[in-house]
Amino acid sequence: MTDRKISPRQSSAVLQAFSNGVTPRIGLEHVVVGRKAETEAMLDDLDYRVQSGGASFRLLVGPYGSGKSFMLQVIRNYALQRNFVVADADLSAERRLTGTKGQGLGLYRELLKNMAIRTRPEGGAFAPLLEHWMNSIQEETMRSANLLPDDPRFTLLLNEKVQETLSSISALSNSFDFARVLLHYWRAYQAGDEVKMEHAIRWLRGEYQVKSEVFADLQVRSMVTDKDWYNYLKLFAAFFQLIGYKGLIVFFDEAVNLYKISNAVSRNNNYEQLLTLFNDVNQGVAQHIGLIFSGTPQLVEDTKRGLYSYEALRSRLQESRFSQNGRRSFAGPIIRLDTLTNEELFVLLQKLRHIHALHYKYETTITDNDIQQFMEVVTAQIGSAQYLTPREVTRDFIAVMEMMRRDETLTFTGIVHKQEFVASRQQTNPEELTAQTEIIDDDSAFASFTL
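Given the structure is predicted, the values throughout are model-derived calculations rather than measurements.

Colleague: Before we move on, can you summarise the nonpolar core with the specific residues and values?
Modeller: Of all hydrophobic cores here, the largest spans 87 residues; its most connected members are Trp203, Leu248 and Phe293. A per-element tally of this core places helix H10 (residues 229–242) first, with 10 residues. In contact with Trp203, not counting residues within four places along its chain, are Asp177, Phe178, Val181, Tyr208, Val214, Leu218, Val220, Ser222, Met223, Val224 and Tyr232. Formed by 31 residues, the second largest nonpolar core is a distinct cluster that contains Val14, Leu28, Leu348 and Ile371.

Colleague: Run through the pattern of salt bridges, naming residues and quoting values.
Modeller: Taken as a whole, this structure holds 15 salt bridges when the rule is applied. Note that Arg76 is salt-bridged to Asp88, the shortest N-O span being 3.2 Å. Placement of Arg76 in helix H3 (residues 68–81) and of Asp88 in strand E2 (residues 85–90) is noted, with a sequence separation of 12 residues between them. The class of Asp88 is buried, set by a relative accessible area of 10%. Here the salt bridges do not stand alone but share partners, grouping Arg25, Arg76 and Asp88 into one network.

Colleague: Explain helix H6 (residues 152–167) to me, using residue names and the numbers behind them.
Modeller: The first and last C-alpha atoms of H6 sit 24 Å apart over 16 residues, in line with the 22 Å expected at 1.5 Å per residue. When H6 is considered as a whole, its buried residues turn out to be Phe154, Leu158, Val162, Thr165 and Leu166. Considered in projection along H6, the buried side chains sweep an arc of 100° and stay on one side of the axis. In this structure, H6 carries Pro152, Arg153, Leu156 and Glu164 as exposed residues pointing more than 90 degrees from its buried face. On its buried face, H6 sits against helix H5 (126–145), helix H7 (175–191) and H10. A distance of 2.8 Å separates the backbone nitrogen of Arg153 from a side-chain oxygen at the start of H6, and that oxygen is part of Asp151.

Colleague: Explain helix H1 (residues 8–19) residue by residue, including any values.
Modeller: The end-to-end C-alpha distance of H1 is 16 Å, a good match for the 16 Å that 12 residues give at a rise of 1.5 Å each. Along H1, the positions that sit buried rather than exposed are Gln10, Ser11, Val14, Leu15, Ala17 and Phe18. An end-on view of H1 places all buried positions within 165° of arc, on one side of the element. Of the exposed residues in H1, the ones pointing more than 90 degrees away from its buried face are Pro8, Arg9 and Gln16. Here the buried face of H1 lies against H3, helix H15 (342–360) and helix H17 (390–406). Once H1 ends, the next one or two residues include Gly21, with phi positive near 70°.

Colleague: Requested: an account of the packing of helix H4 (residues 103–113) against H10, with residues and values cited.
Modeller: At their nearest, the axes of H4 and H10 sit 9 Å apart, and the two run at 25° to each other. Viewed along their axes, H4 and H10 adopt a mutual orientation that is roughly parallel. Every residue of H10 that contacts H4 at Gly104, Leu105, Leu107, Tyr108, Leu111 and Leu112 is listed here: Trp229, Tyr232, Leu233 and Phe236. Broken down by class, the residue content of the contact of H4 with H10 amounts to nine nonpolar, one polar and no charged.

Colleague: I'd like a description of the sheet that holds E2, backed by residues and values.
Modeller: To summarise the sheet geometry, strands pair through backbone hydrogen bonds and adopt either a parallel or an antiparallel arrangement. Sheet architecture is open: five strands sit in the order E2-E3-E4-E1-E5, paired in parallel fashion. For this open sheet the edge positions go to E2 and strand E5 (334–336), each flanked by a neighbour on one side alone. Taken pair by pair, the neighbouring strands of this sheet meet at an average axis angle of 20°, ignoring direction. By the bridge criterion, seven bridges tie strand E1 (residues 55–61) to strand E4 (residues 289–295) in an arrangement that is parallel.

Colleague: Any chance you could break down the layout of surface pockets for me, citing the residues and the numbers?
Modeller: Within this model, the largest pocket holds a volume of roughly 690 Å³. Around the largest pocket, the lining comprises 35 residues; the ones closest to its centre are Val22, Thr23, Lys68, Ser69 and Phe70. Contributing elements (two or more residues each) for the lining of the largest pocket: H3, E2, strand E3 (248–253), E4 and H17. If one sorts the elements of the lining of the largest pocket by residue count, H3 sits on top with six residues. For the lining of the largest pocket, the residue count by class is 16 nonpolar, 11 polar and eight charged.

Colleague: Lay out the side chain of Ser175 in plain terms, naming residues and giving numbers.
Modeller: Inspection of the secondary structure puts Ser175 in helix H7. The exposure class assigned to Ser175 is buried, which follows from its relative accessible area of 7%. Within polar-contact distance, the side chain of Ser175 engages the backbone oxygen of Ser170 at 2.9 Å. Residue contacts for Ser175: discarding those within four places in its chain leaves Ile169, Ser170 and Leu235.

Colleague: Tell me what's going on with the confidence of the model for the chain, and back it up with residues and numbers.
Modeller: Scored by pLDDT, the chain has a mean of 87; 88% of the residues are at 70 or more. Note on residues 421–451: pLDDT under 50 across the span, and 20 contacts to partners over four residues away in sequence or across chains.

Conventions we followed
- Residues numbered from 1 in each chain as written.
- Predicted model: local features only at pLDDT ≥ 70, side-chain atom pairs only at ≥ 80, totals over all residues.
- Heavy atoms only, no water.
- Core = buried A, V, L, I, M, F, W, Y, C linked by side-chain atoms within 4.5 Å.
- Buried < 20%, exposed > 50% of the residue type's maximum accessible area, 1.4 Å probe, protein only.
- Helix = DSSP H or I, 4+ residues; strand = E, 2+ residues; numbered from the N terminus.
- Contact = heavy atoms within 4.5 Å.
- Salt bridge = Lys/Arg side-chain N within 4 Å of Asp/Glu carboxyl O.
- Expected span 1.5 Å × (residues − 1).
- Arc of directions from axis to C-beta.
- Polar contact = N/O pair within 3.5 Å; in protein donor to acceptor, adjacent residues only side chain to side chain.
- Axes fitted to C-alpha atoms, helices over the stretch in contact; angles between N-to-C directions.
- Parallel < 35°, antiparallel > 145°, perpendicular 65-115°, else oblique.
- Nonpolar A, V, L, I, M, F, W, Y, C, P; charged D, E, K, R; others polar.
- Pairing = 2+ DSSP bridges.
- 1 Å grid on protein atoms, 1.4 Å probe; cavity = no way out; pocket = protein on both sides within 12 Å on 5 of 7 lines; lining within 4 Å.
- Points joined across faces, edges and corners; volume = space filled by probe spheres on them.
- pLDDT = per-residue confidence, 0-100.

Following this line, the structure appears as structure tokens:
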């Protein structure tokens, strides 16, 4: 059961996402099961590292369908609730840590597009963040100096506060032009010049491609590039902390796509960039930023083309020899996601049963015994409980509930029993499958076979 009331928007998002094997952006708190230790470890990173002025680096590792993306979204939502700025992107052929065709810049742009805050959890919060800065400075000046905006001293004090904020990040790489562009945005905001404001936003988003155009619009000679985009994430992290947020948490899903890069040189360049990020975070250089990647065990452990093929990464990522035989430590960068237990999967299906009935406004007839039988059937079909992933189980379970909702003559037991019969016939007489299809698909014939 869900402990808190779920809105129709949340229940719709949860059911649609689980039906299609993806992770919902909202409503996750109503379906979270297990993962307590992993969640607490990552929240400790937020509270005791990033918020306190440090940085964190985590790599979530688990097989396909084990809930890595789900876990990322859970931590993302917690970070939003704790007043962090978050940004997320999937790594892909077009978005990597570095590349000869601007893939690193593509990743940076995606992160800024998906930037979110508590009041804009769906993303697209970059421009609102800048507006928040403008408004908060004005409100603070009015309150502290007891001045109204039409007072001649008001603008002078505002400019002083802006300069004070920007000078606080002067020690970071690329900070000079970063501060100049923010100042450009501030002056355009004061003047109501939306064109100049857009120039500043374009630069900060990494959307300029020609330096001469940058200089003509902003009078700066640099721009975000494929090689230095991470420096700008660090600048944003410091800036967000100065304007009232606790820091920046960045999520990189589908890191297995780095492993899939066919060209060895390109793949190793990405691993080298990952090493740079790792060292930057763990050597105390980065501040107020958390980096969280997700990938498969193969990405990490393959000694021919995985992260372990890059010796400098292998020596840093290898887990403690004492973290064995059921003992777990979260001191290192890797957090392994074990497959959910049968008990945890059972609770998850209970929650989905409740949400489905609540969303479509009906009284469910599916009992706990039905759910137990369903899990046994699915496990038997797959062949081993260790291959039973939440993605497969929840997708099938919602499919059964949808069949029942659209055809009131169907029963849960009937659907599950029929599927169990089909699976057993496939296993015992696979050569007869084609000949039996018509009989199995006929409900009356199926009933005669099962009596």
